[in-house]
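Read off the chains here:
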Number of protein chains: 2
Amino acid sequence: MKIKPVKGTRDFYPEQMRLRNWITDGWKSASLRCGFQEYDGPIFEYLAMYQQKSGDEIAEQLFSLEDRGGRNLAIRPEITPTLARMVNQKINALPRPIKWFSVPRVCRAERPQKGRLREFFQWNIDIIGVEDIIADAEVIFCAVDYLRSAGLTAADIVAKISSRKMLADIFESLGVPPEKHTPLYAVLDKRAKISDEAFAEMLDKTLADKPLEAKVTELMNIKTIKELYETIELTDAAKSAVDELKRLFEMLDAMGISDFCQFDISIVRGLAYYTGPVFEIHDRGGELRAVCGGGRFDNLLKDFGGPEVPATGMGMGDCVLEILLREKGLIDDNMTGELDYYIVCLDSELMSTAISTTAALRSKGFSAEMTYKPAKMGKQMKQAAGLGAKYCIILGQEYLEHGMVGLKNMKTGDQEDKILSDIIDTETKA
Amino acid sequence: MKIKPVKGTRDFYPEQMRLRNWITDGWKSASLRCGFQEYDGPIFEYLAMYQQKSGDEIAEQLFSLEDRGGRNLAIRPEITPTLARMVNQKINALPRPIKWFSVPRVCRAERPQKGRLREFFQWNIDIIGVEDIIADAEVIFCAVDYLRSAGLTAADIVAKISSRKMLADIFESLGVPPEKHTPLYAVLDKRAKISDEAFAEMLDKTLADKPLEAKVTELMNIKTIKELYETIELTDAAKSAVDELKRLFEMLDAMGISDFCQFDISIVRGLAYYTGPVFEIHDRGGELRAVCGGGRFDNLLKDFGGPEVPATGMGMGDCVLEILLREKGLIDDNMTGELDYYIVCLDSELMSTAISTTAALRSKGFSAEMTYKPAKMGKQMKQAAGLGAKYCIILGQEYLEHGMVGLKNMKTGDQEDKILSDIIDTETKA
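Analysis parameters
- Each residue is numbered by its place in its chain's sequence as written, counting from 1.
- All chains are assigned letters beginning at A, and all ligands numbers beginning at 1, according to the order in which they are written.
- Local features in this predicted model are restricted to residues of pLDDT 70 or higher, and side-chain atom pairs are both shown and tallied only at a pLDDT of 80 or more, whereas totals for entire chains, interfaces and linings draw on every residue.
- Side-chain measures were taken over the full set of non-hydrogen atoms in the model, leaving aside hydrogen atoms and water.
- A pair is scored as a salt bridge if a Lys or Arg side-chain nitrogen falls within 4 Å of a carboxyl oxygen belonging to Asp or Glu.
- Each helix corresponds to a stretch of at least 4 residues labelled H or I by DSSP, and each strand to a stretch of at least 2 residues labelled E; elements are numbered beginning at the N terminus.
- A 1.4 Å probe rolled over the protein chains alone gives each residue an accessible area, and that area as a share of the maximum for its type sets the label: buried under 20%, exposed over 50%, partly exposed in between.
- The contact rule is simple, with two residues in contact once any of their heavy atoms fall within 4.5 Å.
- Distance and chemistry together define a polar contact, namely a pair of N or O atoms within 3.5 Å, with one atom able to donate a hydrogen and the other to accept it when in protein, and with adjacent residues in sequence counting only for side-chain atoms on both sides.
- Each residue is assigned to one of three groups, with Ala, Val, Leu, Ile, Met, Phe, Trp, Tyr, Cys and Pro labelled nonpolar, Asp, Glu, Lys and Arg labelled charged, and all others, Gly among them, labelled polar.
- Source of the domain bounds: an automatic or database domain assignment.
- Only strands that DSSP links by at least two bridges are regarded as paired with each other.
- Interaxial angles span 0 to 180 degrees and are taken between N-to-C directions of axes, which are lines fitted to C-alpha atoms, for helices over the stretch in contact.
- UniProt positions are given in the numbering used here, feature names are shortened, and annotations may be inferred rather than shown by experiment.

Caption draft 1: Representation of the pattern of salt bridges in the model. Counting across every chain of the model gives 66 salt bridges over all chains. Residues A:Asp145 and A:Arg33 are paired through a salt bridge, measuring 2.9 Å at the closest nitrogen-oxygen approach. Within this pair, whereas A:Asp145 is found in helix α5 (residues 134–149), its partner A:Arg33 is found in helix α1 (residues 14–33), the two being separated by 112 residues in sequence. In this structure, A:Asp145 and A:Arg33 share a single accessibility class: buried. One salt bridge connects B:Glu138 with A:Arg362, and the closest N-O pair in it is separated by 2.7 Å. One end of the pair, B:Glu138, is in helix α5 (residues 134–149); the other, A:Arg362, is in helix α14 (residues 351–363), on a second chain. For B:Glu138, a relative accessible area of 2% translates into the label buried.

And the structure:
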């Protein structure tokens, strides 16, 4: 008869909900600070939209359902397809640049493991309609700005940045055949997670050309943009792509976040759809999955039946982030709620006064809670403290005899006698 | 190739999202003011949980799905079963009273129509562990407190209040056989929506006892609690139930919301599970469906395999509410976002300064946006206004020549020359 929750989902009791709100409120604040506007779509869309256009891995993890009309639907595994659909629907009416953010709940039928659940929250920010690399700088800045506001420093995290377009142009400079580009990205994407030997083997399997493999390996060992100019013979296209990336770093420097940013040629992102700069933010220790990732995907709208419009963005889930914040001691597990007043009532004759006082304070905009039955002072004080009350108003013998209440400051412990109406009539809460 | 949204769902473009946030933020504020703590559960649960325990109507409207392990799941059509599951799981660890609220997204496979969509948001507040009617008063107060904060007055809405327990006891006083109680509630629930003749017919079909039907019809015409005492011969049980309801109205009066409250014996609520006071809030005109409804359901935890613990609560969806608020002129359709600063840049040489200024303001906690390319003053001003900017910082010739920027107050139109660093170095945003 007892019912269980479904594996891979979470229950948010008030304690966990406060943590979730702290994270999502931080995402929202950073987005608004950086000039993004919030949007959202439905929790389910047509299944076909995800099957055709999401990355392969995501398409395999869909929770699909059928409605009464026999339509095939799926719970959203990500919000990007919805974003593309919504923007395409109103492409001519929306003022550009389109700078939107969302904090969707998304579901993926994955095997639950550390940092991966079947239901999670994912912060998304996107800029549509800006070709210049300034949009990419804005996206990276906003992600870093949030992480910094949560308490993480440049010693904790690093944004690893590269460019898919630059890599494609360099591949061409090196003589990698065009049809090998996409499989090569997949190999490079695995590099950080496997041994050098395993990497060499995968590379050989993909390219089957030892001299070329050596060149690619050499390329992957390049640590700075300066080295790129110096050690690779760049075609004009490749040089202009490197120049663009250099400009991106100059902008990040002007934004004051260069400590958080680092060129890393091995960042390619798994998904095939990226077309320009790409980035991932990792813990410096490199022990966790990426905290977030993103990049330019200029085919976003076109892939969903719309026009060609430049686009760049990123996504950050709450699961790996929470692990990282906890490891760095940035999560307060004793977060209580906040309450302006708790009304203590020591006599059943005074319950009606307690009720009207509580309601009067709430009507003025204060948060207020009361005991639902007269109980011992200590029990009521304990409850008030548990709710994070700033003040207690004590209704007892003093009120019955002299019309006075006790006003106790729960932080300092100080208590003074007050006339009840003087408390209620103080200024309205801002 | 163009993909459509699913019928009965909504896309929240920034404009609609601002409205949705205004509503849900209002719900959250009222909940916190009244001492409720936020919780949430997964978007899907085991199908069986809803099939067994939701009202019949809801069980027929489930969006069900199967996961890879063959488990039968459903998207939540309401959050009450999740609440019961969560509370039961930790019943001995949770301090009482349990006063929780949630603002879940829920889905029902209904035919979309005015005020009914297949996906909506529903504010839920519940108090578990309080037997006294004060908990019912608190729930009604909180619902009214929100509606009042949204701008609705006692001339716009009314909370119609009755008691299922009282009705059951009176039915017994009148001699209605116990097995007829539940079907009779269903008939009474329809009364406001059908003609007197249709009502009489349904009543006859259910009771098949003319004298008894006359008594029930007479009962339904009673307008005040006073009349109840005077015109019905009440058993002791019925009298104590009426006394309790009388106390509820006294509390609502002490809370200062009696203008919003009215006894209405015809309110029974469709669902079978209510066990005490029940209420619905309606527009005074009576033209819309109920804005919200709720009541006492002391079997809540027990129905889900838990112990017997008293409970009372209510739910309010966003669809009917939005229609009502719009009808009353309380929705501002020109709500813009808010932005502290918009950085206008008139010269490409100054783009780097614009970038660093924008980032510096954001790093101080201000919201700031900039143009992504130097454009004409008018175009940039228009964009700033569209984003709800309070101030524009104008970077142009004056800055290149004398290091001065223009600071324009977008509300008054006043503009003054400033040293850039003086603006950035002003106090940090609270």
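Caption draft 2: Molecular detail of the interface of chain A and chain B. In this assembly, 90 residues from chain A lie in contact with 90 residues from chain B. Taken together, chain A and chain B are joined by 12 salt bridges. Residue B:Glu369 pairs with A:Lys99 through a salt bridge whose shortest N-O separation is 2.9 Å. Counting across the interface, chain A meets chain B through 38 residue pairs in polar contact (both at pLDDT 80 or more). For the side of chain A that touches chain B, a count of residues per class yields 43 nonpolar, 17 polar and 30 charged.

Caption draft 3: Summary view of the domain arrangement of chain A. The domain boundaries assigned to chain A delineate domain 1 (14–41 + 79–327) and domain 2 (339–424). Using C-alpha coordinates to define each centre, domain 1 of chain A is positioned 53 Å away from domain 2 of chain A.

Caption draft 4: Main features of the sheet that holds strand β15 (residues 389–395) of chain B. All names here are of chain B. Spatially, five strands are ordered β14-β13-β15-β16-β17 in an open sheet, and the strand pairing comes out mixed. Lying at the two open borders of the sheet, with one neighbouring strand each, are β14 (368–370) and β17 (415–419). When strand polarity is set aside, the average angle formed by the axes of neighbouring strands in this sheet is 25°. Across the face of the sheet, helix α14 (residues 351–363) comes into contact with β13 (339–345), β14 and β15 while running at roughly 165° to β14.

Caption draft 5: Region of the structure containing the UniProt feature "binding site: L-histidine" (unreviewed entry) in chain A. All names here are of chain A. The feature "binding site: L-histidine" (unreviewed entry), as given by UniProt, occupies Glu78, Ile79, Thr80, Arg108, Gln122, Asp126, Arg269, Tyr273 and Tyr274 in the numbering adopted here. Secondary-structure assignment places Ile79 in the loop between β4 (72–75) and α4 (80–89). Excluding residues within four positions of it along the chain, Ile79 makes contact with Tyr39, Asp40, Gly41, Ser102, Pro104, Val106 and Asn124. Mapped onto the elements, Gln122 comes out in strand β7 (residues 119–128). Gln122 gets classed as buried once you look at its relative accessible area, which sits at 12%. Beyond its immediate sequence surroundings of up to four residues, Gln122 is in contact with Trp27, Glu78, Ser102, Val103, Pro104, Val106, Arg108, Gly315, Met316 and Gly317.

Caption draft 6: How the structure looks around the pairing of β4(A). All names here are of chain A. Relative to β4, strand β2 (residues 44–46) runs antiparallel, the two sharing three bridges. Opposite Glu45, over in β4, you have Ala74 as the bridge partner. Between the antiparallel neighbours strand β3 (residues 63–66) and β4 lie five residues, among them Gly70 with a positive phi of about 80°.

Caption draft 7: Inspection of the sheet that holds strand β14 (residues 368–370) of chain A at higher detail. Residues and elements named next belong to chain A. Pairing is mixed in the open sheet, where five strands are placed in the order β14-β13-β15-β16-β17. The two strands at the open ends of the sheet, each matched to only one other strand, are β14 and β17 (415–419). This sheet shows a mean twist of 25° between the axes of neighbouring strands, independent of strand direction. As defined by bridge partners, strand β13 (residues 339–345) adjoins β14 across three bridges and the pair is classed as parallel. Within β14, the residue paired with Tyr342 across the bridge is Glu369.

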